[in-house]
Amino acid sequence: MRILISTDIEGVAGVVHPEQTRAGNAEYERARRWMTREANAAICGAFDGGATEVRVNDSHGTYRNLLADELDPRARLVNGKPRTLGMMGGLEADCAGVMLVGFHARAQARGVLAHTINSSAFARVWLNGQEFGEAGLYGALAGEMGVPVVFASGDDVFAEETRPLFPHCVFAVTKQAAGRHSAVSLSPQATCEAIRAGARQAMAVLGAAAPLRLELPVCARLQAQTPAHADLFCQWPALERVDGVTLEFSAASVEHAVRMLNCLSAMAAALN
Ligand SMILES: [Zn+2]
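For clarity, every value in this text was computed on a predicted model and none was experimentally measured.

Reading guide: rules and limits
Residues numbered from 1 in each chain as written. Predicted model: local features only at pLDDT ≥ 70, side-chain atom pairs only at ≥ 80, totals over all residues. Helix = DSSP H or I, 4+ residues; strand = E, 2+ residues; numbered from the N terminus. Rg over C-alpha atoms; globule rule 2.2 N^0.38 Å. Buried ≥ 20, exposed ≤ 12 C-beta atoms within 10 Å, placed from the backbone. Contact = placed C-beta atoms within 7 Å. Pairing = 2+ DSSP bridges. Domains from an automatic or database assignment. Nonpolar A, V, L, I, M, F, W, Y, C, P; charged D, E, K, R; others polar. Expected span 1.5 Å × (residues − 1).

A short note on the overall build of the protein chain
Broken down by element type, the protein chain carries 6 helices and 12 strands. Taking 2.2 N^0.38 as the reference for a compact globule, 272 residues should give roughly 19 Å; the C-alpha atoms of the protein chain span a radius of gyration of 17 Å, in line with that estimate. Within the protein chain, the fraction of its 272 residues that count as buried is 54%. Contacts in the protein chain between residues far apart in sequence, at least 24 positions, make up 68% of those at least 6 positions apart.

Observations concerning the sheet that holds strand S6 (residues 130–131)
Spatial ordering of the open sheet is given by S6-S5-S10-S12-S11, a layout of 5 strands whose pairing is antiparallel. The open sheet has two free edges, formed respectively by S6 and strand S11 (240–241), since each of these has just one partner strand. Bridge count between S11 and strand S12 (residues 246–251): 2 bridges; the pairing is antiparallel. The partner of Glu 240 across the bridge, within S12, is Glu 248.

With respect to the domain arrangement of the protein chain
Assigned domains within the protein chain: domain 1 (2–115 + 133–203) and domain 2 (218–271). The gap between the C-alpha centroids of domain 1 and domain 2 is 26 Å. Taken together, the contacts link 7 residues of domain 1 with 6 residues of domain 2. Residues of the side of domain 1 that touches domain 2, tallied by class, amount to 4 nonpolar, 2 polar and 1 charged.

Regarding helix H1 (residues 26–48)
Since the α-helix turns once every 3.6 residues, residues separated by three or four places project in the same direction. With 23 residues, H1 should reach 33 Å at 1.5 Å per residue; the first-to-last C-alpha distance of 33 Å fits that figure. Positive backbone phi, approximately 115°, marks Gly 50, located one or two places after H1.

Right, dumping it as structure tokens:
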């Protein structure tokens, strides 16, 4: 039974500031170690619960954050970018379930370091009229491939907004958001214990959990961060300008919608 663990850093216990999420400083070097330990806790929980193969993908920023030499040697590491499935890299293999570790709330929410894919590109994203953050977008991508999300960890705002999407999913809350850059956090050790227990428990719901499926084709709508971003994005003929900051496009699948968003995210760097 193969499990994919997707890891981000903003939802990791103790992480509250952008400096902790960006390479080039001591704070980040410490936070990426906490991220690796939370990944290890989920790996242990998956194996405790009966997994036979675990892939862990690095899904933050450059996709090069997890410390390979500190990772549980039973797991395989999926890292580096670009890659076609983004935060679901590694799902190409036949997986029974997905676990989301260190995830965060969607853009405009009150969660710690909340954003959707790229905070300097997108203010909001909807698929078929429903607003999604990264967990929803990538959970729907996994769902399209028949794979359910069975475990997720992050702050309380993330858990609250994500729970309705995945009714059988087991959550581990790492911290209570007190603001965008402020939280009341569990210790890294207590968090890892909760993640390991939750991931183990999640293995038992694999049979009952239903994949999140959206109607196709997907109508994707996005609110760009500024009108200048919308000017740039609508150079792509597939996108239709709705107003100063809002754009729409149709996608044959959730995968294509997510890949388009990731292309636009990369394009946004042209305005930096
Ligand atoms: Zn991230």
